[in-house]
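The chain contents come next:
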Amino acid sequence: NIADSEQKIQGLLLGVSGSAPLSDKLSLYGNFAYGLGQQKSGFKDARGDDQYSTTYAIGEVGLSYRFMEGGPGSFLKAVTGSLGYRTQTLTTKDIGLGTYALNNPTTPISTYTADMRTTTNGFILAIVGVF
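Residues numbered from 1 in each chain as written. Predicted model: local features only at pLDDT ≥ 70, side-chain atom pairs only at ≥ 80, totals over all residues. Heavy atoms only, no water.

**Here's the deal with the overall build of the protein**
Thought 1: Each helix and strand in the protein was counted, giving 0 helices and 5 strands.
Thought 2: Each helix and strand of the protein, ordered N terminal to C terminal, gives the series β-β-β-β-β.
Thought 3: The C-alpha atoms of the protein give 22 Å as radius of gyration, which overshoots the globular expectation for 131 residues (14 Å, by more than 25%).
Thought 4: In terms of overall dimensions, the protein has C-alpha extents of about 75 × 25 × 25 Å along its principal axes.
Thought 5: Expressed as a percentage of the 131 residues in the protein, the buried residues total 24%.
Thought 6: Taken as a whole, the protein presents about 9,200 Å² of accessible surface, with 59% of it coming from carbon and sulfur.
Thought 7: Averaged over its 10 positive side-chain charges, the protein has a centre that lies 6 Å from the centre of its 10 negative ones. (Helix = DSSP H or I, 4+ residues; strand = E, 2+ residues; numbered from the N terminus. Rg over C-alpha atoms; globule rule 2.2 N^0.38 Å. Buried < 20%, exposed > 50% of the residue type's maximum accessible area, 1.4 Å probe, protein only. Areas by Shrake-Rupley, 256 points an atom, 1.4 Å probe, with all protein chains shown as cover. Lys, Arg positive; Asp, Glu negative; His and termini not counted. Charge placed at Lys NZ, Arg CZ, Asp CG, Glu CD.)

Here is the structure:
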């Protein structure tokens, strides 16, 4: 049953991150990462495959503001807030798709492969305390 299929993805992600001060407390920040992985599906595709190569990319840019900086001996060393925009994309390579006959909807009469891409993006708001 496709509704009950489980997806497991494992991979290695490498990235870069940086920031540039705009004022004493305000900074522009950004990060990007890219990775390669393997996906194991609990459901076989039209070609009978259930393992695929994947790529993953994530990027974020935004502003961060340091609200508070504690002195020596303070329990809370700093509090920083950030507002940014993040986008992340997972691409699964060469998924088997098929054309099926109406009188036999479980056996494909022809198959082909295509990459499937899913993207999630939107604004993020974070508050980070450093202890």
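**Comments concerning the pairing of strand S5 (residues 104-130)**
Thought 1: Both strand S4 (residues 78-101) and S5 contribute to a ladder of 22 bridges, which runs antiparallel. In the sheet register, Thr99 faces S5, and the bridge partner there is Ser110.
Thought 2: Where S4 folds back on S5, the antiparallel hairpin that results is connected by 2 residues. (Pairing = 2+ DSSP bridges.)

**A short note on the sheet that holds strand S1 (residues 7-21)**
Thought 1: Strand order in the open sheet made by the 5 strands is S1-S2-S3-S4-S5, with antiparallel pairing throughout. Lying at the two open borders of the sheet, with one neighbouring strand each, are S1 and S5. Going from strand to strand, the sheet's axes swing by 15 degrees on average, the running direction of each strand aside.
Thought 2: Here strand S3 (residues 51-69) pairs with S4 via 15 bridges, running antiparallel. Within S4, the residue paired with Tyr56 across the bridge is Leu90. (Axes fitted to C-alpha atoms, helices over the stretch in contact; angles between N-to-C directions.)

**A word on the pattern of salt bridges**
Thought 1: For the coordinates displayed, the defined rule picks out 5 salt bridges.
Thought 2: Residue Arg86 pairs with Glu60 through a salt bridge whose shortest N-O separation is 2.7 Å. Here Arg86 is found in strand S4, whereas its partner Glu60 is found in strand S3, with 26 residues between them in sequence.
Thought 3: For Arg86, a relative accessible area of 32% corresponds to the partly exposed category.
Thought 4: Taking the shortest distance from any N to any O, the salt bridge between Glu69 and Arg66 comes out at 2.9 Å.
Thought 5: Look at Glu69 and you get exposed, because its relative accessible area is 56%.
Thought 6: Here the salt bridges share partners, and the residues they tie into one network are Lys40, Lys44 and Asp50. (Salt bridge = Lys/Arg side-chain N within 4 Å of Asp/Glu carboxyl O.)

**Focus on the environment of Ser23**
Thought 1: Along the chain, Ser23 falls in the loop between S1 and strand S2 (26-41).
Thought 2: With relative accessibility at 41%, the residue Ser23 sits in the partly exposed group.
Thought 3: The spatial distance from the C-alpha of Ser23 to the C-alpha of Tyr65 is 9.5 Å, given a sequence separation of 42 residues.

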